[in-house]
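Residues per chain, in single letters:
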Amino acid sequence: MEAISDIGVIGIAVMGENLILNMESKGFSVTAYNRSVDKVEKFVNGRAKGKNIFGAMSIEEFIGSLKRPRKVMLMVKAGRPVDDFIETLIPLLEPGDIIIDGGNSHFPDTERRVKYVESKGLLYIGTGVSGGEEGALLGPSIMPGGSKAAWESVKPIFQAIAAKVEDGSPCCEWIGDGGSGHFVKMVHNGIEYGDMQLINETYQVMKDMLGMSADDMQKVFAEWNKGELNSYLIEITSDILAFKDEDGAPLVDKILDTAGQKGTGKWTGTVALELGVPLTLIAESVFSRCLSALKDERVAASKVLTGPTPTFEGDKAAFINDLRDALYAAKVISYAQGYQMIQAAALEYGWQLDYGSIALMWREGCIIRSSFLGKIKEAFDKNPALQNLILDDFFKDKILQAQAGWRRVVAAAVLNGIPVPCISAGINYFDGYRSARLPANLLQAQRDYFGAHTYERLDGPRGQFFHTNWTGRGGETSSTTYGV
Ligand code: 6PG
């Protein structure tokens, strides 16, 4: 078989199929393969017809059709299928060939696979691909990491198919070693969860407290989308609110209020706990989905657990501005926490990451794309060692301006019994982060009281630990100090 294709893609599902068409439209020849070959036939006789796309009917034919170094992109379900394909491919490939995983794999799996595939003389890239069906076809955000030696061969294809920002820069750059590409994609998804939940909370306050209709809310989101909240998720929220069911009523009102999730948000929360990063807002967004899923329990509880009936007296338009400020400020906190997590991982795993470049990759193409990310890029370009996004002058000023409205929203929501877990997690983080003194002195005293866990003193040097015999009944032995 003649080597005719620049790249091969395994997995002709929604993302794979659209990525292949995107690659072909940018002038690359592509071989498509799927374990169930009927999908290959359907594709080559359907959307791929007449295009520079070759459908392989066996894995051998697939490999034989690829130009060297061979680039094989897996667009299959995360988990076992990726490992199975790696095992199938290894004996068929030659040194220097490249396996790319473009699914939502968990980053420790990618870390492991990079090492394993490299040990076989091949190269491995684990890449985040975001943007859904339309993004895959017209320009996704692509976040590759793994074997750096593979990047030069893959770069022309990935940067050609990626979304572009206004000046033409692609939303695709090399992220770093090991599983860093999938790590960054995981945090992207966590941020996606946070952004969505924040929008959902403003929606519920508008609906239940201000008594607004879907049409009224649609106008507000459309208006917000013209300003600094401009983003894909605000835009689709406005579209969704405007969408009518066959009977002319808003479809959104008829959708069951139980959220699904595929796991990337949960991973973000779990890894944050492992790294010791206070990723409170994203964690709350995952828990909000979990709580929403307890529909039957909630319905039963709603009959016995009473609370205030939401009411609103006052200036509605002014309160909607407060809601906008609350959403914006909480969003800044969410991204600040997400970046803290990426920074902590870089330290933990020894990755050299460019934070401005990551913001640029999210600027277009992906689900969290927004003009806001352009500002994050500016902040990290100005100060690559920025410790926390909220310390950047632009975001600091924004938060300080927004905080009065943000506080009014949290207070009103709590008084009216409307849950705002993410908007309030944001302000709690903000107030905690800006506190020179937190009550952890008491906590340390409690730990020392019941377990002789020791404490440091304000008037002593850091690293010197004390134990007090609080009751007069304890011994002099103290527990060792160690951190987790
Ligand atoms: C993307 C998305 C995508 C994710 C879906 C569904 O960047 O294109 O993040 O990767 O799978 O958004 O996620 P949940 O089912 O967990 O909501």
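Check the entry above for the structure.
All of the points below concern the structure found in this document. A quick note: this is a predicted structure, and the numbers were derived from the prediction, not measured.

Re the overall build of the protein
Within the protein, the secondary structure is distributed over 19 helices and 7 strands. Its C-alpha radius of gyration of 26 Å places the protein within 12% of the 23 Å reference for a compact globule of 484 residues. Taking the principal axes of its C-alpha atoms as reference, the protein extends roughly 80 × 70 × 45 Å. Counting the 484 residues in the protein, one finds 50% classified as buried. Excluding contacts between residues fewer than 6 apart, the proportion of contacts in the protein whose partners are at least 24 apart in sequence is 68%. Carbon and sulfur atoms make up 53% of the accessible area of the protein, which amounts to about 22,700 Å² in all. Each charge class in the protein was averaged separately, 50 positive and 60 negative side chains, and the resulting centres sit 1 Å apart.

Brief notes about the environment of arginine 437
Residue position: arginine 437 is located in the loop between α18 (421–433) and α19 (440–451). Along the chain, arginine 437 and glycine 269 lie 168 residues apart, while their C-alpha atoms are 26 Å from each other.

Considering the packing of helix α8 (residues 180–209) against helix α12 (residues 280–293)
Helix packing geometry: the angle between the two helix axes and the distance between the axes. Following both chains from N to C, one finds α8 and α12 inclined at 70°, their axes separated by 8 Å at the closest point. As judged from the angle between their axes, α8 and α12 are roughly perpendicular. The two elements α8 and α12 cross, and the hand of that crossing is left-handed. Contact residues: Gly190, Ile191, Tyr193, Gly194, Met196, Gln197 and Leu198 in α8; Leu281, Ile282, Ser285, Val286, Ser288 and Arg289 in α12. Of the residues in the contact of α8 with α12, the class split is 7 nonpolar, 5 polar and 1 charged.

Examining the pairing of strand β1 (residues 7–10)
Side chains Ile7 and Val9 project from β1 onto one buried face, and the interleaved Gly8 and Ile10 project onto a second face that is buried too. Both β1 and strand β2 (residues 30–33) contribute to a ladder of 4 bridges, which runs parallel. Directly across from isoleucine 10, in β2, lies its bridge partner tyrosine 33. Crossover connection from β1 via helix α1 (residues 14–25) to parallel β2: handedness right-handed. One ladder, built from 3 bridges, connects β1 with strand β4 (residues 71–74); its direction is parallel. Within β4, the residue paired with glycine 8 across the bridge is valine 72.

Criteria and thresholds
- Starting afresh in each chain, residues are numbered from 1 along the sequence in its written order.
- Side-chain atom pairs in this predicted model are given and counted only at pLDDT of 80 or more, local residue features only at pLDDT of at least 70, and totals for whole chains, interfaces and linings cover all residues.
- The side-chain numbers reported here are obtained from all heavy atoms of the structure, hydrogens and water having been left aside.
- Strands are runs of DSSP state E lasting at least 2 residues, helices are runs of H or I lasting at least 4, and numbering of each runs from the N terminus.
- When we talk radius of gyration, it's over C-alpha atoms, and the globule rule is simply 2.2 Å times the number of residues to the 0.38.
- Only protein chains enter the accessibility calculation, which uses a 1.4 Å probe. A residue is then buried if its area is under 20% of the maximum for its type, exposed if over 50%, and partly exposed in between.
- By the convention used here, residues are in contact when the closest approach between their heavy atoms is within 4.5 Å.
- Each accessible area is a Shrake-Rupley estimate made with a 1.4 Å probe; only the visible protein chains count as cover when residues are assessed.
- Residues counted as positive are Lys and Arg, residues counted as negative are Asp and Glu, and His and the chain ends are not counted.
- Where a charge sits is defined by one atom per residue type, namely NZ (Lys), CZ (Arg), CG (Asp) or CD (Glu).
- Helix axes are fitted only over the stretch in contact, all axes being lines through C-alpha atoms; the angle between N-to-C directions runs from 0 to 180 degrees.
- Working rule for angles: under 35 degrees goes down as roughly parallel, over 145 as roughly antiparallel, 65 to 115 as roughly perpendicular, anything else as oblique.
- Here a crossing is called left-handed whenever its near helix is offset anticlockwise from the far helix by less than a right angle, and right-handed whenever the offset is clockwise.
- We call Asp, Glu, Lys and Arg charged. Ala, Val, Leu, Ile, Met, Phe, Trp, Tyr, Cys and Pro are nonpolar, and the rest, Gly among them, are polar.
- Strands are treated as partners if at least two bridges between them are detected by DSSP.
- By definition, the crossover connecting two strands over a helix is right-handed if that path, from the first strand to the second, turns clockwise as seen with the strands pointing away from the viewer.

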